[in-house]
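Notes for the structure review
Below are the chains, spelled out letter by letter.
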Amino acid sequence: MAESTKSATLTIDGKSYELPIYSPTAGPDVIDIRKLYAEADVFTYDPGFTSTASCDSTITFIDGGKGELLHRGYPIDQLAEKSHYLEVCYLLLYGELPTAAQLEDFESRVTHHTMVHEQMHKFFSGFRRDAHPMAIMVGVVGAMSAFYHDSTDINDPWQREVASIRMIAKMPTIAAMAFKYTIGQPFVYPRNDLDYASNFLRMCFAVPAEDYEVNPILSRAMDRIFTLHADHEQNASTSTVRLASSSGANPFASIAAGIACLWGPAHGGANQACLEMLREIGTVDRIPEFIARAKDKDDPFRLMGFGHRVYKNFDPRATVMKQSADEVLDLLGVENNPILQVAKELEKQALSDPYFADKKLFPNVDFYSGIILEAMGFPTSMFTPIFALSRTVGWISQWKEMISDPTMKIGRPRQLYTGETLRDYVEVEDR
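Counting from 1, residues in each chain are numbered in the order their sequence is written. Selection of residues for local features in this predicted model requires a pLDDT of at least 70, selection of side-chain atom pairs for listing and counting requires 80 or more, and totals for whole chains, interfaces and linings are taken over all residues. To obtain the side-chain values, all non-hydrogen atoms of the structure were included, while hydrogens and water were left out.

**Observations regarding the overall build of the chain**
The cut-off we apply is this: Secondary structure is summarised from DSSP: a helix means a run of H or I of at least four residues, a strand means a run of E of at least two, and numbering begins at the N terminus for each. In this treatment the radius of gyration is a C-alpha quantity, and the globule benchmark scales as 2.2 Å times the residue count to the 0.38 power. Accessible area is worked out with a 1.4 Å probe on protein chains only. A residue is then buried under 20% of its type maximum, exposed over 50%, and partly exposed in between. What sets the accessible areas is the Shrake-Rupley method with a 1.4 Å probe; for residues, cover comes only from the shown protein chains. Here Asp and Glu are counted as negative and Lys and Arg as positive; His is not counted, and neither are the chain ends. Where a charge lies is defined by one atom per residue type, namely NZ (Lys), CZ (Arg), CG (Asp) and CD (Glu).
Counting its secondary structure elements, the chain contains 18 helices and 6 strands. What you see for the chain is a C-alpha radius of gyration of 24 Å, in line with the 22 Å of a compact globule of 431 residues. Relative to its full complement of 431 residues, the chain shows a buried share of 48%. Surface accessibility of the chain: about 21,500 Å² in total, with carbon and sulfur atoms responsible for 53%. Seen as two clouds, the 41 positive and the 57 negative side-chain charges of the chain have centres 1 Å apart.

As structure tokens, then:
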């Protein structure tokens, strides 16, 4: 942690307390309140922890006002345009971009760990066929700790490394198996001669009856979706992973907790909500009606996929995702898909409307990623599992950083208690 060069003074009932202030390399200063309870017998109150720094980190930085997202200092748009997912994984895990030899070694290690233990196939048959793929992923990822005992000791740096590679490698296989199971098709084993994104697409869409050739445009779009969702600082699911692992839980259980958190529609389900909105609009001729409703402050309808809680300007991931969306739609066409026709026209009309420009409500990454995944043939139920496999490397990077932090303590948030004070128990016959 950086040295404290200034302090803040907090006065309570006439008594003053000096609180150290730390200055980060980027972002707002942070007031250290760790000793506040011990010295002043008070807690701070911050529902959602939106004004609280729960850790110090060197992995990802977001400036919502500027529309900036940096991984280890590299802008996300540059990484998505010039790099690829596994190289970004290396960057997040180890702090620097790899040399050619380092990247080749890392890709080889990931590629040769993509198969899952054969016995794990039996877990899938325990779920109903109509189970949500996220329910399956929470269960199967958590169950990995029952199979890979040699990588559950969080105090062993080598075991942490093995667990990291295993989860990055096996998550696409597990997600694809969840997809295949819910549509009643046989599992497709991974192949070592394919890149990460192509392998995932093949495991999702290949069938034994015919050969499957991965289109490079679709593979590139899939890789960008992975890259653009790799990490997003201390969001709900990342904080969940950190909180779960702060107890000493094994890495597979901690990542399963993150997957469960991501399942929430306010977090990982945003692109699914966007597609559901497009289906509600239905046809191009109804777009003006829904744009008018979005402008009406008394109407509860909101345009999903526009604007972002963090980015108060534009989502830096959206520009690259829009390029991929245009490439995919040009390849697959939108003529026979009314949902995609609505998406393209809604984007056009919203971007040309001063109301949305003034309020900086631009299409975000969820809007474009939902369009791409829909065009590829994924049902909306698979959107969040794809998000989960993309985010796995971010969760692992944050987990490894936390485990190595000498100041790490088990998470223990406080509360503002508003319930009853001490009462005497009354026997039931006397109540």
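**Regarding the sheet that holds strand β4 (residues 60-63)**
Rules: Pairing between two strands requires that DSSP report at least two bridges joining them.
Reading across from one edge, β4-β5-β6 is the order of the 3 strands in this open sheet, with antiparallel pairing throughout. Edge positions in the sheet fall to β4 and β6 (74-75), since each of these pairs with one other strand and no more. When β4 meets strand β5 (residues 68-71), the two strands line up antiparallel, connected through 4 bridges. For Phe61, the partnering residue across the bridge sits in β5 and is Leu70.

**Some thoughts on the environment of Glu374**
Let me state the cut-off plainly: Here, two residues are considered to be in contact whenever any of their heavy atoms come within 4.5 Å of each other. As used in this structure description, the phrase polar contact means that two N or O atoms lie within 3.5 Å; if the pair is within protein, one of them must be able to donate a hydrogen and the other to accept it, and residues adjacent in sequence are counted only when both atoms belong to side chains.
When you line up the elements, Glu374 lands in helix α17 (residues 365-376). Note: C-alpha distance between Glu374 and Ser54 (320 residues apart in sequence) is 36 Å. Not counting residues up to four positions away in its chain, the partners in contact with Glu374 are Leu275, Arg279, Asn337, Ile339, Leu340 and Phe383. Polar side-chain contacts of Glu374 include one of 3.2 Å to the side chain of Arg279.

**As for the pattern of salt bridges**
Stated formally: For this analysis, a salt bridge means a side-chain nitrogen from Lys or Arg found within 4 Å of a carboxyl oxygen belonging to Asp or Glu.
Enumeration according to the criterion identifies 18 salt bridges in this entry. Note that Asp193 is salt-bridged to Arg191, the shortest N-O span being 2.8 Å. We classify Asp193 as exposed; its relative accessible area is 56%. In this structure, Arg220 engages Asp223 in a salt bridge whose closest nitrogen and oxygen atoms are separated by 3.7 Å. Placement of the pair is Arg220 and Asp223 together in helix α9 (residues 216-228), with a separation of 3 residues, close to one helical turn. On the accessibility criterion, Arg220 (24% relative accessible area) is partly exposed.

**A closer look at the packing of helix α12 (residues 270-281) against helix α15 (residues 338-351)**
Put simply, the rule reads: Here an angle of 0 to 180 degrees is reported between the N-to-C directions of two axes, which are lines fitted to C-alpha atoms, with helices fitted over the stretch in contact. Geometric relationships in this document are graded by angle, where less than 35 degrees denotes roughly parallel, more than 145 denotes roughly antiparallel, 65 to 115 denotes roughly perpendicular, and other angles denote oblique. Ten residues, namely Ala, Val, Leu, Ile, Met, Phe, Trp, Tyr, Cys and Pro, are considered nonpolar, four, namely Asp, Glu, Lys and Arg, are considered charged, and the remaining ones, Gly among them, are considered polar.
Running from N to C, α12 and α15 cross one another at 100 degrees; their axes reach a closest spacing of 9 Å. The orientation of α12 relative to α15 falls into the category roughly perpendicular. Here α12 contributes Leu275, Met277, Leu278, Arg279 and Ile281 to the contact with α15, which in turn contributes Ile339, Val342, Ala343 and Leu346. Among the residues forming the contact of α12 with α15, the class breakdown is 8 nonpolar, no polar and 1 charged.

**As for the side chain of Arg166**
Along the chain, Arg166 falls in helix α7 (residues 157-183). Engagement of the side chain of Arg166 in a polar contact is seen with the side chain of Ser151, the distance being 2.9 Å. Discounting chain neighbours no more than four positions away, the residues touching Arg166 are His113, Tyr148, Asp150 and Ser151.

**With respect to helix α11 (residues 251-262)**
Note that an α-helix has 3.6 residues per turn; residues three or four places apart therefore point the same way. Defined as follows: Take the number of residues in a helix, subtract one, and multiply by 1.5 Å to get its expected span.
Its 12 residues give α11 an end-to-end C-alpha distance of 16 Å, which sits within 8% of 16 Å, the value for a rise of 1.5 Å per residue. Taken as a whole, α11 has its buried residues at Pro251, Phe252, Ser254, Ile255, Ala256, Gly258, Ile259 and Leu262. Looking at the buried positions of α11, the neighbouring elements they touch are α6 (133-143), α7, α10 (236-245) and α18 (383-403).

**Quick word on the state of the cysteines**
Using the following cut-off: Note on terminology: disulfide denotes any pair of cysteine sulfur atoms within 2.5 Å.
In the structure shown here, the tally under the stated rule is 0 disulfides. Free of any disulfide, Cys55 has its nearest neighbouring cysteine sulfur in Cys261, separated by 15 Å.

**Looking at the pairing of β5**
Sheet faces and side chains relate simply in a regular strand, where the side chains alternate between the two faces. Where β4 folds back on β5, the antiparallel hairpin that results is connected by 4 residues, among which Gly67 adopts a positive phi of roughly 70 degrees. In sequence, β5 turns back onto β6 through a hairpin of 2 residues, with Arg72 there showing a positive phi of about 55 degrees.

**Some details on helix α4 (residues 100-111)**
End to end, α4 covers 16 Å across 12 residues, agreeing with the expected 16 Å (1.5 Å per residue, within 8%). If you follow the buried residues of α4, they end up packed against α3 (85-94), α7 and α8 (196-205).

**Remarks on the packing of aromatic side chains**
Put simply, the rule reads: In this analysis, rings of Phe, Tyr and Trp, with Trp reduced to its six-membered ring, are considered paired at centre separations within 6.5 Å, and the interplanar angle assigns stacked below 30 degrees, edge-to-face beyond 60, and tilted for intermediate values. Lysine and arginine charges are scored as sitting over a ring when NZ or CZ, respectively, is within 6 Å of the ring centre and within 35 degrees of the ring normal.
On inspection of all chains with the given rule, the structure shows 20 aromatic pairs. Look at Phe306 and Phe356: their rings are 6.3 Å apart centre to centre, the planes differ by 45 degrees, and that puts the pair in the tilted class. Taken together, the residues span a long stretch of sequence, with Phe306 in the loop between α13 (287-295) and α14 (316-332) and Phe356 in helix α16 (residues 354-358) at a distance of 50 residues. Owing to a relative accessible area of 2%, Phe356 belongs among the buried residues under this scheme. Through pairs of rings, three or more aromatic residues link up here, namely Tyr85, Phe179, Tyr196, Phe200, Phe205, Phe226 and Phe378. In this structure, Arg129 is placed above the aromatic ring of Tyr181, and the distance from its NZ or CZ to the ring centre is 4.1 Å.

**What to know about unusual backbone geometry**
Non-glycine residue Asp41 carries a positive phi angle of around 60 degrees. Along the chain, Asp41 falls in the loop between α1 (36-40) and β4. Positive phi is not limited to glycine here, since Arg72 has a value of about 55 degrees. Here Arg72 shows up in the loop between β5 and β6.

**A closer look at a nonpolar patch on the surface**
Just so we agree on the cut-off: Patch building starts from residues that exceed 30% relative accessible area and form no salt bridge, then joins like charges within 9 Å and nonpolar side chains (Val, Leu, Ile, Met, Phe, Trp, Tyr) within 5 Å.
A contiguous nonpolar patch, built from Ile217, Leu331 and Leu332 and spanning about 220 Å² of accessible area, is present on the exposed surface. Looking at the secondary structure, you find Leu332 in helix α14.

Shape is all these values report; function is a separate question.
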